[in-house]
Every structure is written in C-alpha cells, then in structure tokens.
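Residue-level listing of the chains:
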Amino acid sequence: MSSRRPVPVVVWLQTVKHFRSDRALAVARANSRCLSTRHDRLAPHDDRRSTGSVAASSCDYRYPLPSPSPSVDFGDDRIAVRGKKTSEILRSWFVYKLFTSDFVVDNSLKLFSLAKRLMGKRLRDRLVKATVFGHFIGGESEEDMVSCAKKLASNNISSAWNYSVESDSSAVVKTEQEMREKENMFNRHNQHYLKSFELSAKHNNAGNKTRFAAIKLTAIVDTLLLRKLNSMVTASNQVFHSLSSSPTTEDPLGRAVSLELLKEKFPTVFKDTYRTSKSKTLNVVEWTGNLSLAENASRYAEILKGQGDNLATLSDLELEQLNGFVHRLRDMGECACSEGVRVLVDAEQTYYQEAINHMAVHHLARRYNTGPAPVFYNTLQTYLRKSYDDLRIHLASTSHYGVKSGIKIVRGAYMEQEREEAESRGVASPIHPDKPSTDRSYHRSLGHLLESVRDGDACVLIGSHNQDTIQFALERMRKLGLSYSDGSVTFGQVFGTGDQITYSLGTTIIIPYLLTSEVHI
C-alpha cells in the first residue's frame, strides 16, 4: 500500500504545460533579462497547482498591511531578483527555459525514468534537487523553512507554509488493520500540518502581516471515502433540484422546496426545521445545512434511498474513518485559532470537490469563522463552468450561518484530468474551453468577491501570477475604497513562480516544503 504520491518535482513537470501563456511566469522574463536572455513562452490557466491552502486564526487577527497602489510598476525586472545569488538566478533561468520545451514537458515522466536508468537514482535525484526541486520547494527540514521564511520577510514578503504531501489511497480498506495503518498515516500528516501552523505563527516575521498556512484534505482522509462523500453530496443536491418548485431556473439560490413536500417524503430528516421554520420553503443553503457530513451523515441514507449501489450507506469502517477525519479537522481548527493562523483549504479534482466544499463551508467555516476575520478559506477554481454559482452559494451559506466568509480564488490546475474524466464518463467537460473564457470567469467572480469584502462579508486571498489580473484587482479595490490595511484582501503566489509580482507587491507567497523522509522523487 503506497502511502504517498511521488510528488512535487514530477507534479510540476506534468502541470507546467498549463502555465505557458502571456503573463504567467513573469519572473522568468526578469531572470532572463538579467542574463541577457529572452524568455517568451508562458501558460494557459495561469495559476500553478498550489498544493495547499492557507490558515487563519479565530478572534481578531486583522493585521495592518501596507495600502495598495493601483499604479504598481511591474516593469522593473531587477526587483524579481533582489537579494538572490547569481547561482539562484542561473537556476531560475535554467528551470524556466526547460519548461518552454513542449517535448520536455509532454514527456517529463518518460525522461524522468530514463534519467534514472542512465544516471542511477542517486545522481538523478541530486540533479533534480539542485534544479527543479530546489527552485519550487522551500526546503526539506524545519531549519530550511525557517531560513526561507526569514529571507522572504527581509523583503517584506509573508510566507504561507504548505506541507506538501498527499495520500495515495487507491486500495480499498477491507480490514480494521488496514484502516488503522491508514489512519496512523493521516494522523502523522495532520501533526505535520499542526506543526506548520505553529511555525508559520512563530517565524512569519514580514512586518505585521497576516499569518497563513496551507492544507490539502486528501492528505488526511482516505480518497475513496472522500470520493464516496462527494457522490453523496452531489446526489443529495440533485434530489433537491428535482423537488424544487423552480427546477428550470438558472439561479441556484432561486430554487426552493416546499416544507409540506419534505414532510411527506422525509418525515424525520428535517424535523427540527419543520418545528422552527417560519418559512413554507427550504432553499439550497438550508437543505445542505441540515445534511452535515460531519454531524448528520446518517441522514443521507433516507434522502438517497433507492439511488442504488448503497450510495449513502457507510460501513462501520467508513464511519470510523469519517469520525477520524472530522477529529483531525477540528484539531486543525483549534490549533489555527490558538496560533492566529488563517488556513487555506486547497481545491482538488471535481470528484472530490463537492465534499471538500461541504466540509470547508458547512463544517469548518460554520464552526470557526465566527470572529471578525475568517480562520478557514475555501478555494474557488474559476476554470470550472459552475464556479460563479459555487461562489454565490458559498457566500449565502456563510451569511446564513452568521460567519465571515474566507475564499482563495484561483484559476485551477487539473485541466487534463478533468477533461479525461469527463470523456471517460461521456459527459461534458466541467471546465471552460480556453484561457480567455477562464479569465472572464476569474474577473467576474473576483469583482463579486471584492464587493462582498467591501460589505464586510468576506476576506479574500487573490491567488494569481497574472499581471493583468493583479492590475484588475488593484483598480477594483481603488474604486471600492479597499486596502490591505485590515487584512481583508491578500495577494498570493506560489514559491518560485511569480517573483516579479510578489516582490513588487510585497505579498504572501505559498511555500511548498517536504521533510527529508517524505521526499520520493
């Protein structure tokens, strides 16, 4: 049973093909100019795979930040290499030059295996660690990460610590012993996340900026269980849609189900709502709020009765796994509140994402985002066709619970997997067909989000390496009278991928790191 995916080096080579368009990887241009070499070829869906999310605190952790200027100059290439050694600049140039080759990117796994056969694993690994791994990964130890964070802080850049590990849970858990082994692994991963919260709070010394950390839920729960939970949430939403009085409406918030109809079909599931509601209908937010996976997973059995394949029936082992998952999430919530760290919950593939959205919004945000600043940020992937509807439902849900919404907005990074999955199932692709439509989707959602920030309903981390998007955001902030002074708006880039933007803005940078024992390249 494999406990970990081989990871960041190969992942970066596999996904970089999505990041070769007009403005992404702008730092490559800066590094190239410094070496009198031009780097032109960059990426479609510009936001890198950020392998994680960012954390926050409870109580009031709205740290003062410098006010933004809509006239930030990204033309000074020297700023992207400020404080870097010549060897680091040369490495950056080599890595980005490598990524301009379609042949290298499209055949990365084959070349990776070939290098092992020709050079031997030890020599190949040393080469990769000195180049690609060294450029994109913050370190392999606590000492490495502290050193990296201090160096960034000296340039007024805040760091979001991202323990980069995912579980590979392709094998079905059949026995209690197998479950115990996996649960022990997930508990170890969780302890590393808790440690990263503590270290982020302790060593993130960039002025007085908001502390962030990042998590990935597939590192702390069996992915087969997560996929089943995802199917349960999706199926229950379809039931709601079929019962609603306006099933043809385009607006998901415009649909509602009669309480009389619900009493007839599900006499016990919504009994508290039947007793206390002053309305005659139930909307999608109230529907989902009554079907908490963390607290009321058993209710799905009645909702999805007759769906086939025991869709909503969780075995005793699965229930124990779900309980372990919920306890780990609550450990994170308590630690993040204690340390004053905001947590970004990373987005993943659509066959996990409905369950991730559910846990992030209807459990974590509902439970921990009760202060003036959110503790947990869910991630919105705007390359998804339904992302704008997801955003509106997210904001309506947190408003319904009376908590602050936290959202990290990105474009997305699973294009090929999503298209292949859709093709295998004979359904339409869930993502936009091209970059211009993705850009329009991003800017539409970002504009809506910034209005919610102005109204005091949300905080946002703008995850982008695209200069046009950054300028769009700064201009919208200027018109809405927003600044970063209260920590409600943060800009973020992934370590090693947007230095020209990061150093110009003095923003937050998400740093993937691995412990030496976890590195399997």
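Calculation criteria
- Residues numbered from 1 in each chain as written.
- Predicted model: local features only at pLDDT ≥ 70, side-chain atom pairs only at ≥ 80, totals over all residues.
- Heavy atoms only, no water.
- Core = buried A, V, L, I, M, F, W, Y, C linked by side-chain atoms within 4.5 Å.
- Buried < 20%, exposed > 50% of the residue type's maximum accessible area, 1.4 Å probe, protein only.
- Helix = DSSP H or I, 4+ residues; strand = E, 2+ residues; numbered from the N terminus.
- Contact = heavy atoms within 4.5 Å.
- 1 Å grid on protein atoms, 1.4 Å probe; cavity = no way out; pocket = protein on both sides within 12 Å on 5 of 7 lines; lining within 4 Å.
- Points joined across faces, edges and corners; volume = space filled by probe spheres on them.
- Nonpolar A, V, L, I, M, F, W, Y, C, P; charged D, E, K, R; others polar.
- Salt bridge = Lys/Arg side-chain N within 4 Å of Asp/Glu carboxyl O.
- Arc of directions from axis to C-beta.
- Phe/Tyr/Trp six-rings, centres within 6.5 Å; stacked < 30°, edge-to-face > 60°.
- Lys NZ or Arg CZ within 6 Å of the ring centre and 35° of its normal.

1. Considering the nonpolar core
Burial of nonpolar side chains together is a common tendency in soluble globular proteins.
Right, so step 1: Counting 76 residues, the largest nonpolar core has F197, L262, F266, F270, W287 and I303 as its most contacted members.
Right, so step 2: Looking at this core element by element, the count peaks at 9 residues for helix α10 (residues 223-243).
Right, so step 3: Look past the residues within four positions of F270 in its chain and what remains in contact with it is L262, L282, W287, N290 and I303.
Right, so step 4: The next biggest cluster of nonpolar side chains, apart from the first, holds 27 residues, and it includes L395, L474, L482 and I501.

2. Points about the layout of surface pockets
Right, so step 1: Here the largest pocket defines a volume of roughly 1,500 Å³.
Right, so step 2: Taken together, 47 residues line the largest pocket, and the ones lying closest to its centre are T234, N237, E354, K386 and D390.
Right, so step 3: Of all the secondary-structure elements, those providing two or more residues to the lining of the largest pocket are α10, α13 (284-289), α17 (350-368), β7 (376-381), α18 (387-401) and α19 (415-425).
Right, so step 4: Broken down by class, the residue content of the lining of the largest pocket amounts to 18 nonpolar, 18 polar and 11 charged.

3. Some words on the pattern of salt bridges
Right, so step 1: Using the criterion set out here, one finds 21 salt bridges in the structure.
Right, so step 2: The residue K84 makes a salt bridge to D499 at a minimum N-O spacing of 2.2 Å. Taken together, the positions of K84 in the loop between β1 (55-56) and α3 (86-99) and D499 in helix α22 (residues 499-505) put the pair 415 residues apart, joining distant regions of the chain.
Right, so step 3: For R476, the salt bridge identified is with E451, shortest N-O distance 3.3 Å. Residue R476 is found in helix α21 (residues 467-480), and its partner E451 is found in helix α20 (residues 435-454); the two are separated by 25 residues along the sequence.
Right, so step 4: The class for R476 is partly exposed, based on a relative accessible area of 22%.
Right, so step 5: Using a relative accessible area of 31% as the deciding quantity, one classes E451 as partly exposed.
Right, so step 6: Linked through salt bridges whose partners overlap, the residues forming this network are K121, R124 and D125.

4. Overview of helix α6 (residues 121-130)
Right, so step 1: The complete set of buried residues in α6 reads R124, D125 and V128. In a view along the axis of α6, the buried residues occupy a sector of 95 degrees, so they form one face of it. Exposed side of α6, more than 90 degrees from the buried face: R122 and R126 are the residues found there.

5. A look at the packing of aromatic side chains
Right, so step 1: Tallied over the entire structure, the rule returns 9 aromatic pairs.
Right, so step 2: Where F212 meets Y377, the ring centres are 5.9 Å apart and the plane angle is 75 degrees; that geometry is what we call edge-to-face. Placement of F212 in strand β3 (residues 211-215) and of Y377 in strand β7 is noted, with a sequence separation of 165 residues between them. The pair formed by F212 and Y377 is uniform in burial state, with each residue classed as buried.
Right, so step 3: Residues Y368 and F376 carry aromatic rings whose centres are separated by 5.8 Å and whose planes lie at 50 degrees to one another, so their mutual orientation is tilted. Take Y368 and F376: they sit in the same class, and that class is buried.
Right, so step 4: Chaining the aromatic ring pairs together yields one cluster made of F240, F266, F270 and W287.
Right, so step 5: Directly above the ring of F112 sits R124, whose terminal nitrogen or CZ lies 4.2 Å from the centroid.
Right, so step 6: Its guanidinium or amino end placed over the ring of Y388, R444 lies 3.6 Å from that ring's centre, counting from NZ or CZ.

6. So, unusual backbone geometry
Right, so step 1: Located in the positive-phi region is N156, a residue other than glycine, with phi close to 65 degrees.
Right, so step 2: Take N156: it is sitting in the loop between α8 (142-153) and β2 (158-163).
Right, so step 3: Given a relative accessible area of 34%, N156 falls into the partly exposed group.

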